[in-house]
Amino acid sequence: MKCIAVYTNSFELFSDIYEQVINTPLADNEEKVIEGVTVSESGEVPQNYIDKMKTKSEVVVMKVKDSDITILQHRDVFEIFLPEKENAVMS
C-alpha cells in the first residue's frame, strides 16, 4: 500500500484538503504544502504495519466508503493508505 502522510491534528482541516491530497501527484519521499499543511509521500507500507497500528488505542482508524482506502490518525499525523490499483497509471 502507498502511504501519504498529512501533518495536522485537525480533523476538520484534514477533511477540507483530503480530496486535493488524494489528487496531488507525489514522487517517492516528496513533500508538498497544501493549504498550509505539509503532505508527504511516504512510500510503500506493508499490510502488517497497518494491522499493528489498528490495534493501538491511541490510533483512530477510518475507512473510505466504496474504496479500499484506509486512514489512520495518531498524534499530529493522518496516514492515508492507498492500494496499488488506486494510484496506478492508466495506459
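The present account deals with the structure reproduced in this document. It should be emphasised that the depicted structure is a prediction, and the values quoted were computed from it without experimental measurement.

A few points about the packing of aromatic side chains
Applying the stated criterion to the full structure yields four aromatic pairs. With a centroid separation of 6.3 Å and an interplanar angle of 45°, the aromatic rings of F11 and F78 are classed as tilted. With a gap of 67 residues between them, F11 in helix α1 (residues 11-22) and F78 in strand β6 (residues 77-82) connect regions that are remote in the sequence. For F78, a relative accessible area of 0% translates into the label buried. Here the aromatic cluster, defined as three or more aromatic residues joined through ring pairs, consists of F11, F14, Y18 and F78.

As for the sheet that holds strand β3 (residues 37-44)
Strand order in this open sheet of six strands is β2-β3-β1-β6-β5-β4, and the pairing throughout is antiparallel. The two strands at the open ends of the sheet, each matched to only one other strand, are β2 (31-34) and β4 (60-63). Sheet twist, expressed as the mean angle between neighbouring strand axes with direction ignored, is 25°. Relative to β6, strand β5 (residues 70-74) runs antiparallel, the two being bridged by five bridges. Bridging from a neighbouring strand, L72 pairs with E79 of β6. Across the sheet, α1 touches β1 (2-7), β2, β3, β4, β5 and β6, and the angle it forms with β6 is around 30°. Here helix α2 (residues 47-54) sits on the sheet and contacts β4, β5 and β6; the angle it forms with β5, its principal contact strand, is near 50°.

Some remarks on the nonpolar core
If you look at the biggest cluster of nonpolar residues, it comprises 16 residues, and the most contacted ones within it are I4, V6, F14, V21, V39, I71 and I80. Listed by contribution, the elements that provide at least two residues to this core are β1, α1, β3 and β6. No other element matches the four residues that α1 contributes to this core. The residues contacting V21, other than those within four sequence positions of it, are I4, V6, I34, V39 and I80.

Thoughts on the side chain of T24
Relative to the elements of secondary structure, T24 occurs in the loop between α1 and β2. Ignoring anything within four residues of it in the chain, the contact list for T24 reads K32 and I34.

So, α1
Over its 12 residues, α1 extends 16 Å from the first C-alpha to the last, a length consistent with the 16 Å expected when each residue adds 1.5 Å. All of the buried residues in α1 are F14, I17, Y18 and V21. Taken down its axis, α1 places every buried residue within 160° of arc, on the same side. Residues E12, D16 and E19 are exposed on α1 and point more than 90 degrees away from its buried face. On the buried face of α1, the contacting elements are β1, β2, β3, β5 and β6.

What counts as what
- Residues numbered from 1 in each chain as written.
- Predicted model: local features only at pLDDT ≥ 70, side-chain atom pairs only at ≥ 80, totals over all residues.
- Heavy atoms only, no water.
- Phe/Tyr/Trp six-rings, centres within 6.5 Å; stacked < 30°, edge-to-face > 60°.
- Helix = DSSP H or I, 4+ residues; strand = E, 2+ residues; numbered from the N terminus.
- Buried < 20%, exposed > 50% of the residue type's maximum accessible area, 1.4 Å probe, protein only.
- Pairing = 2+ DSSP bridges.
- Axes fitted to C-alpha atoms, helices over the stretch in contact; angles between N-to-C directions.
- Contact = heavy atoms within 4.5 Å.
- Core = buried A, V, L, I, M, F, W, Y, C linked by side-chain atoms within 4.5 Å.
- Expected span 1.5 Å × (residues − 1).
- Arc of directions from axis to C-beta.

Interpretation in functional terms is not warranted from these geometric data alone.
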